[in-house]
Amino acid sequence: MKPKATLKQIAKELNVSVSTVSKALSNSPEISEPTKIKIQEFAKLKNYKPNNIAINLKNRSTKTIGVIIPNILNPFFAKVFSGIEKAANEKGYNVITCISNESLDKEIKTMDMLSNGTIDGFILSISEETQKQQEFKHFKEAISDGIPIVMFDRISDEVNCDKVIVDDYDSSVHAVNHLIKLNCKKIALLSSIDNLSVGKLRAQGYVAALAENKIELDKNIIIRTDNPDELDFNLEKLFDKEKFDGVFALDEHASTMAMKLAIKKGIKIPEDLCVIGFADGVWSRRLTPSLSTVSQHGIEIGEAAAQKLIEKLESKNEEYTYTTTVIKTELRQRDSTRKTK
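Residues numbered from 1 in each chain as written. Predicted model: local features only at pLDDT ≥ 70, side-chain atom pairs only at ≥ 80, totals over all residues. Heavy atoms only, no water.

Per an unreviewed UniProt entry, the protein chain is named Substrate-binding domain-containing protein, and its organism is Flavobacterium ichthyis.

In structure tokens, the structure reads:
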């Protein structure tokens, strides 16, 4: 089966505007007969099918936003959803939430299901499988069909849409610099999200901070994986074989496992080992000692994403400039790090 062409593709190949293509395909009297025939025949050749849903959505609003999050058990995504719902309700919009469960197939099916006229636009964070396979066609098709998307946290530079992110790289540099100020000489890096864009950025920040402070990178105290079980296995060996006085964990699983194993092996926190985690769920505060974290301000991210989408939906401008909003994180110091002198 031939792939379906879009208005933009037809316009580009014929060197005309999208508006001209749209008017020609709707038999508008504004377009000359020869141009109409040329465009209509070319569209037929290219297997173009009009998206009646997108056309209808231009004329009416459902006042409903579709939200797709990868993992409902992650406290960060729960906070983001809370922010989305708050901002949406203030503007009179309803929210339909779906979970991709980190699955590309489920993400695609969810978007297809909601794109039938149920919602006006999407707010979403890309699933783990989607990022691993680098498959973004379903996002691009939705946008081409006139359904706007705002991505948050996990994003793709290949998709031209509004985005809301945190300063993953800069905040990692700041966190590692803080550990260095606490006189940590050997700082281990732990990640079970190395397949995700945010995991890669945070790891880059760690490397940059060590380089800035002229600390040699020690690969023996770095664990980067996309499998929590693999992290647990390697972490046990790391504690047995290596000596280190600081831990920078890039996700909640890595940070909680580091704390649990250190305590199990009789390592005193923060006297012998300082730990900073990139998470701020309830476990961070409930651990004993409590975990110092890079807080991502999930509610603020959700509010910003909803405001961006609603601004796009209510804009009367045909030309729209896509932007990326960066939300600043905050290093919250708790009992797992020593106090600065």
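This next bit is on the pattern of salt bridges. In total, this model carries 19 salt bridges according to the counting rule given. Note that aspartate 194 is salt-bridged to arginine 224, the shortest N-O span being 2.8 Å. Highlighted residues: aspartate 194 in the loop between strand S6 (187–191) and helix H10 (197–212) and arginine 224 in strand S7 (residues 222–224), separated in sequence by 30 residues. One salt bridge in this structure joins arginine 332 and glutamate 330, with 3.6 Å as the shortest N-O distance. Taking relative accessible area as the criterion, glutamate 330 reaches 35% and is therefore assigned partly exposed. Salt bridges sharing partners connect three or more residues here, namely Lys86, Glu90 and Glu303. (Salt bridge = Lys/Arg side-chain N within 4 Å of Asp/Glu carboxyl O. Helix = DSSP H or I, 4+ residues; strand = E, 2+ residues; numbered from the N terminus. Buried < 20%, exposed > 50% of the residue type's maximum accessible area, 1.4 Å probe, protein only.)

The next thing to look at is the sheet that holds strand S12 (residues 330–332). In space, the six strands of this open sheet follow the order S7-S6-S8-S9-S10-S12, with mixed pairing throughout. Looking along the sheet, the strands with just one partner apiece sit at the ends: S7 and S12. Each strand axis lies, on average, 15 degrees off the axis of its neighbour in the sheet, ignoring direction. In the sheet, S6 pairs with S7 via three bridges, with the strands oriented parallel. Bridging from a neighbouring strand, leucine 189 pairs with isoleucine 222 of S7. Against the sheet, H10 contacts S6, S7 and strand S8 (246–249), and its axis sits at roughly 175 degrees relative to S6. (Pairing = 2+ DSSP bridges. Axes fitted to C-alpha atoms, helices over the stretch in contact; angles between N-to-C directions. Contact = heavy atoms within 4.5 Å.)

Below, the discussion takes up the sheet that holds strand S11 (residues 324–327). Pairing in this open sheet of six strands is parallel, and the strands run S2-S1-S3-S4-S5-S11 from one edge to the other. The open sheet has two edge strands with one neighbour each: strand S2 (94–99) and S11. For this sheet, the mean angle separating the axes of adjacent strands, direction not counted, is 15 degrees. Here strand S5 (residues 162–166) runs beside S11; their pairing, made up of four bridges, is parallel. Bridge assignment links valine 164 to a residue of S11, and that residue is threonine 325. Against the sheet, helix H14 (residues 298–314) contacts strand S1 (64–69), strand S3 (121–124), strand S4 (149–152), S5 and S11, and its axis sits at roughly 170 degrees relative to S5.

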